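Listed here are the chains, written in short residue letters.
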Amino acid sequence: MAASEANTDDSLYPIAVLIDELRNEDVQLRLNSIKKLSTIALALGVDRTRTELIPFLTETIYDEDEVLLALAEQLGNFTPLVGGPEHVHCLLPPLESLATVEETVVRDKAVESLRNISQQHSTADLEQHFVPLVKRLASGDWFTSRTSACGLFSVCYPRVSGAVKADVRNHFRNLCQDDTPMVRRAAASKLGEFAKVVEPEYMKSDLIPMWANLALDEQDSVRLLAVEACVSIADLLQQEDVEHLVMPTLRQAAEDKSWRVRYTVADKFTELQKAVGSELTKADLVPAFQNLLKDCEAEVRAAAAQKVKDFCQNLPKDVQEQVIMNNILPCVKDLVSDPNQHVKSALASVIMGLSPILGKHNTIEHLLPMFLSQLKDECPEVRLSIISNLDCVNEVIGIQQLSQSLLPAIVELAEDVKWRVRLAIIEYMPLLAGQLGVEFFDEKLNTLCMTWLVDHVFAIREAATENLKKLVERFGSDWATNTVIPKVVSMSRDQNYLHRMTCLFCINVLAEACGPEVTSKLMLPTVLSLANDNVANVRFNVAKTLQRIGPVLDPSTMQSQVKPCLNKLNSDSDVDVRFFASEALSVLT
């Protein structure tokens, strides 16, 4: 008997520890105990987890938000620990409570877990346990429970009987008409998802009127979410139904008094374009897009400008060029000189993509003046966007048409006071080099690339060395031997020790690109000479460089030149130099 009692005490111990830790004043201890729930549930077994642990958790949901968040997440994976799908409904009470709390992230996680475990319910259990939970949340006194309910309709609707479906649709309709804006927002955000599981006949009779009402809501935050739902709804309807049921509301949204709604229309425009089809695009969306490109709010113009290329690409082929030339290009010309730099930047990031669509003649006649204007823009982001997308134009008309205007823009960006702008142009230099050709590059841009190697910002010097490697890979080792290596070697004699170190960094990356012969003849002597530098930082970088280029060199050079140098550095007076020399020797031997 005593042994039996002892066993019972042992089996109670995990739940006792959990209760103690959950009641501890230290939030971290409570959080840790929640994260160990699965271990405790395993120790208790499925029966006691259902009868003791879950009720206990349900009764004690009044904790810190981070503890509740962890609990909501844990319960979503608890199905095996309560005995599998036939008992999964016992997880609903604690999750229902969590779905009503004030903190949004906790409610969202509880809804996510409820959505997960809904799939594990049998059809009978879904109707008996899950749907009543959804209805309770949907008719709760607090808006928190009603907002949570909105995310649960789509997961239970497809698997319930016709009578229950009608009731579910009715509850969703009530939420779409709720007095509280937060609830209507939640309903609007889930309407598109719900539409995908509702039968076509109820889609027209029930959901379209709900959506139309939300699209006319007094709160713009609700109306803009209705615009997002429009994509899903239009995708599900026949073409003639889209024209009669969706387009009137969409036209209204594109001219909404709130810029946030118009911004959402602009942001979703290409998705809407695909959803409504080519005929409605020609008739309705082209004029709407023109208006958005001319909108009085800069945020709307920027969002529409960002979609110019995609919108033009998706136009029906039979009218593509005509629509672009007559309707879109006049608006684009105005945006090139827009007073807002964000609008100009958004346009510059996509405008080059119009070249392949319009072809060589139209690009030269209509787009080229715009590109040249943007290359002279006062905003560095605009100039940078044009340069970074040059490959589109190069394929259509060749780079020579742009080269004269390109050079001043590149030079300005290369010398910009903002180091991040300088960094960005360095990253595009190999692309430009390939498009401009070696002669133009050597004449106009080579000096620029060498200047970056002595920039006062380390990130620029580092990027410039990597840039050299890419240029050598593109132009070949002969070009490197004649053009780059002499300038790199000359930096080893610079008074500034940082420049001497940059010389070593360049050799690190050039050795691999140039191969053993060029490395041993032209670069290794410079590295060895710097082993006698009076700055310890330079000397230990010599050791690191020798370690890096060692695998490129032939064995005889390693024995006769590299190892003696490393042995000398290994007895250097500076501890860091000795460390790196020793490491290099161990790697290379």
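Reading the values: the criteria
Residues numbered from 1 in each chain as written. Predicted model: local features only at pLDDT ≥ 70, side-chain atom pairs only at ≥ 80, totals over all residues. Heavy atoms only, no water. Helix = DSSP H or I, 4+ residues; strand = E, 2+ residues; numbered from the N terminus. Rg over C-alpha atoms; globule rule 2.2 N^0.38 Å. Buried < 20%, exposed > 50% of the residue type's maximum accessible area, 1.4 Å probe, protein only. Contact = heavy atoms within 4.5 Å. Areas by Shrake-Rupley, 256 points an atom, 1.4 Å probe, with all protein chains shown as cover. Lys, Arg positive; Asp, Glu negative; His and termini not counted. Charge placed at Lys NZ, Arg CZ, Asp CG, Glu CD. Polar contact = N/O pair within 3.5 Å; in protein donor to acceptor, adjacent residues only side chain to side chain. 1 Å grid on protein atoms, 1.4 Å probe; cavity = no way out; pocket = protein on both sides within 12 Å on 5 of 7 lines; lining within 4 Å. Points joined across faces, edges and corners; volume = space filled by probe spheres on them. Nonpolar A, V, L, I, M, F, W, Y, C, P; charged D, E, K, R; others polar. Axes fitted to C-alpha atoms, helices over the stretch in contact; angles between N-to-C directions. Parallel < 35°, antiparallel > 145°, perpendicular 65-115°, else oblique. Salt bridge = Lys/Arg side-chain N within 4 Å of Asp/Glu carboxyl O. Phe/Tyr/Trp six-rings, centres within 6.5 Å; stacked < 30°, edge-to-face > 60°. Core = buried A, V, L, I, M, F, W, Y, C linked by side-chain atoms within 4.5 Å.

Student: Tell me about the overall build of the protein, and name the residues and values.
Tutor: Assigned secondary structure in the protein consists of 36 helices and zero strands. The C-alpha radius of gyration of the protein comes to 34 Å, more than 25% above the 25 Å expected for a compact globule of 589 residues. Seen along its three principal axes, the alpha-carbon backbone of the protein occupies a region of about 85 × 85 × 35 Å. Among the 589 residues that make up the protein, the fraction classed as buried is 55%. Within the protein, contacts between residues at least 6 apart in sequence are counted, and of these 68% link residues at least 24 apart. Looking at the protein as shown, the accessible area adds up to about 26,200 Å², and 49% of this sits on carbon and sulfur atoms. For the protein, the centre of its 57 positive side-chain charges and the centre of its 80 negative side-chain charges are spaced 4 Å apart.

Student: Describe helix α22 (residues 341-348), naming the residues involved and giving the relevant values.
Tutor: Given 3.6 residues per turn, any residue in an α-helix points the same way as the ones three and four places further on. Buried residues dominate α22, accounting for six of its eight residues. Every buried residue of α22 is accounted for by V343, K344, S345, A346, L347 and A348. Where α22 begins, the side chain of N340 points an oxygen toward the backbone nitrogen of H342, at a separation of 2.8 Å.

Student: Quick one: what's the story with the layout of surface pockets, residue by residue and with numbers?
Tutor: In this model, the largest pocket occupies a volume close to 270 Å³. What lines the largest pocket is a set of 13 residues, and nearest its centre among them are D108, T147, S148, A186 and K190. Per-element accounting of the lining of the largest pocket gives the leading share, five residues, to helix α7 (residues 104-118). Residues belonging to the lining of the largest pocket are distributed by class as follows: four nonpolar, five polar and four charged. Size it by volume and the second largest pocket reaches roughly 210 Å³. Together, 15 residues line the second largest pocket, and A215, R223, Q252, A253 and D256 are the ones closest to its centre. Grouping the amino acids of the lining of the second largest pocket by side-chain chemistry returns nine nonpolar, two polar and four charged.

Student: Explain the environment of N567 to me, and be specific about the residues and the numbers.
Tutor: Checked against the element boundaries, N567 lands in helix α35 (residues 555-569). It is 81 Å that separates the C-alpha atoms of N567 and M203, two residues lying 364 residues apart in sequence.

Student: So what's going on with the packing of helix α13 (residues 200-215) against helix α15 (residues 239-254)? Residues and values would help.
Tutor: Viewed as axis vectors pointing N to C, α13 and α15 meet at an angle of 20 degrees, and their least axial separation amounts to 9 Å. Classified by the angle between their axes, α13 and α15 sit roughly parallel to one another. Of α15, the residues touching α13 (which contributes K204, I208, W211, A212 and A215) are D241, L245, V246 and T249. Taken together, the residues of the contact of α13 with α15 break down into six nonpolar, one polar and two charged.

Student: I'd love a proper account of the pattern of salt bridges, names of residues and values included.
Tutor: Under the counting rule described, the total for this entry stands at 25 salt bridges. Measuring nitrogen to oxygen at the nearest pair gives 2.9 Å for the salt bridge that ties E193 to R115. Of this pair, E193 sits in helix α12 (residues 181-195) while R115 sits in helix α7, placing them 78 residues apart in sequence. Note on E193: relative accessible area 26%, which makes it partly exposed. In this structure, D284 and R251 form a salt bridge, with 2.5 Å as the shortest nitrogen-oxygen distance. A residue pair is termed long-range when its members are at least 10 positions apart, and D284 in helix α18 (residues 278-293) and R251 in helix α15 qualify at 33 residues. Judged by its relative accessible area of 37%, R251 falls in the partly exposed class.

Student: I'd like to hear about the side chain of S345, residue by residue, with values.
Tutor: As for its placement among the helices and strands, S345 is situated in helix α22. Those residues in contact with S345 that lie beyond four places of it in its chain are C379, E381, V382 and S385.

Student: Explain empty space enclosed by the protein to me, using residue names and the numbers behind them.
Tutor: Under the criterion given, the structure shown has two cavities of 30 Å³ or more. Estimated volume of the largest cavity: approximately 70 Å³. Taken together, M247, L250, R251, A254, V265, F269, L272, D284, L285 and A288 make up the lining of the largest cavity. Considering each element in turn, the lining of the largest cavity owes the most residues, four residues, to α15. Grouping the amino acids of the lining of the largest cavity by side-chain chemistry returns eight nonpolar, no polar and two charged.

Student: I'd like to hear about the environment of V155, residue by residue, with values.
Tutor: Structurally, the position occupied by V155 is in helix α10 (residues 153-156). V155 gets classed as buried once you look at its relative accessible area, which sits at 11%. C-alpha separation for the pair V155 and C230, spaced 75 residues apart in sequence, amounts to 20 Å.

Student: Got a sec to walk through the packing of aromatic side chains? Specific residues and values, please.
Tutor: The full count for this structure, using the stated rule, is 14 aromatic pairs. Look at F269 and F289: their rings are 5.0 Å apart centre to centre, the planes differ by 35 degrees, and that puts the pair in the tilted class. Of this pair, F269 sits in helix α17 (residues 269-276) while F289 sits in helix α18, and the two are 20 residues apart along the sequence. Here F269 matches F289 in class, with each residue buried. Ring centres of F475 and W479 lie 5.0 Å apart, and the angle between their planes is 70 degrees; on these two criteria the pair is classed as edge-to-face. Take W479: its relative accessible area is 8%, and that puts it in the buried class.

Student: Give me the lowdown on the side chain of K469, citing residues and values where you can.
Tutor: With respect to the element layout, K469 can be found in helix α30 (residues 458-475). In this structure K469 touches V509, L510, E512 and A513, once residues within four positions along its chain are discounted.

Student: Pulling in residues and values, what's your account of the nonpolar core?
Tutor: Considering soluble globular proteins, one finds that nonpolar side chains tend to be buried as a cluster. In this structure, F78, V308, I351, I387, W452 and L510 are the most contacted members of the largest nonpolar core, which totals 216 residues. Those residues in contact with W452, other than ones at most four positions away along the chain, are A414, I425, I426, M429, I460, R461, A464 and N467.

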